[in-house]
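Observations on the three-dimensional arrangement
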Amino acid sequence: QVQLVESGGGLVQPGGSLRLSCAASGSILSISTMAWYRQAPGKERELVARKPSIGTTAYADSVKARFIISRDFAKNTVDLQMNSLKPEDTAVYYCNADVRVLGGMVSSNYWGQGTQVTVSS
């Protein structure tokens, strides 16, 4: 019913920038929170940034002042601008959204397929 499709990953040198995008599509009535998570090899998936439709935007301490999350509420998209990238930012980045579908009574959580970000010289 709902698909999240990420784009924008790739290989970048330390200190460089990348912009990730995620588009939600399907039978969407509303989206409350959209977020980005990441999972590095051998580690658990962790929250990078989340932006609710109402409330405070939150960032992981490790990315504060370097990453910026933004949403286009009309288009159901969320972007992650990543600056001053470090090798430790290397991970698969996943889009996540709490979506209420048409005819639905409650929201459900959805994940994208992930996009690889590699920071290396």
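Predicted, not measured: the structure shown is a model, and the values here were computed from it.

The rules behind these values
Residues numbered from 1 in each chain as written. Predicted model: local features only at pLDDT ≥ 70, side-chain atom pairs only at ≥ 80, totals over all residues. Heavy atoms only, no water. Helix = DSSP H or I, 4+ residues; strand = E, 2+ residues; numbered from the N terminus. Rg over C-alpha atoms; globule rule 2.2 N^0.38 Å. Contact = heavy atoms within 4.5 Å. Areas by Shrake-Rupley, 256 points an atom, 1.4 Å probe, with all protein chains shown as cover. Salt bridge = Lys/Arg side-chain N within 4 Å of Asp/Glu carboxyl O. Buried < 20%, exposed > 50% of the residue type's maximum accessible area, 1.4 Å probe, protein only. Pairing = 2+ DSSP bridges. Axes fitted to C-alpha atoms, helices over the stretch in contact; angles between N-to-C directions. Disulfide = S-S within 2.5 Å.

Attention now moves to the overall build of the protein. From N to C terminus, the protein includes zero helices and eleven strands. Counting from the amino terminus, helix and strand elements in the protein follow one another as β-β-β-β-β-β-β-β-β-β-β. Radius of gyration (C-alpha) of the protein: 14 Å, near the 14 Å computed for a compact globule of 121 residues. Once the C-alpha set of the protein is aligned to its principal axes, its extents read approximately 50 × 25 × 25 Å. Nonlocal contacts in the protein, meaning residues at least 24 apart in sequence, comprise 56% of its contacts between residues at least 6 apart. Per element, the accessible surface of the protein, about 6400 Å² overall, is 50% carbon and sulfur.

What follows is about the pattern of salt bridges. The final tally for this structure, using the stated rule, is five salt bridges. Ionic pairing is found between Asp79 and Arg19, a salt bridge with its closest N-O pair at 3.2 Å. Remark: Arg19 occurs in strand β3 (residues 18-26) and Asp79 occurs in strand β8 (residues 77-82); sequence separation between them is 60 residues. One salt bridge connects Asp89 with Arg66, and the closest N-O pair in it is separated by 2.8 Å. Note that Asp89 is positioned in the loop between β8 and β9 (91-101) and Arg66 in the loop between β6 (58-59) and β7 (67-72), a separation of 23 residues in sequence. In this structure Arg66 comes out as buried when scored by relative accessible area, which is 10%. Taken together, the shared-partner salt bridges connect Arg38, Glu46, Arg66 and Asp89 into one network.

This part takes up the sheet that holds β3. What the four strands build is an open sheet, ordered β1-β3-β8-β7; its pairing is antiparallel. The outermost strands of the open sheet, each flanked by one partner alone, are β1 (2-7) and β7. Shown here is a sheet whose adjacent strand axes are inclined to one another by a mean of 15°, direction ignored. Bridging between β1 and β3 involves six bridges; their strand directions are antiparallel. Of the residues in β3, the one forming a bridge with Glu6 is Cys22.

Attention now moves to the state of the cysteines. Going through the model one piece at a time under the given rule, you end up with one disulfide. With a sulfur-sulfur separation of 2.1 Å, Cys22 is cross-linked through a disulfide to Cys95. Measuring the twist about the S-S bond at about -80°, one finds the Cys22-Cys95 disulfide to be left-handed. With Cys22 in strand β3 and Cys95 in strand β9, this pair connects stretches of sequence that are 73 residues apart. Comparing Cys22 with Cys95 shows no difference in burial state: the two are buried.

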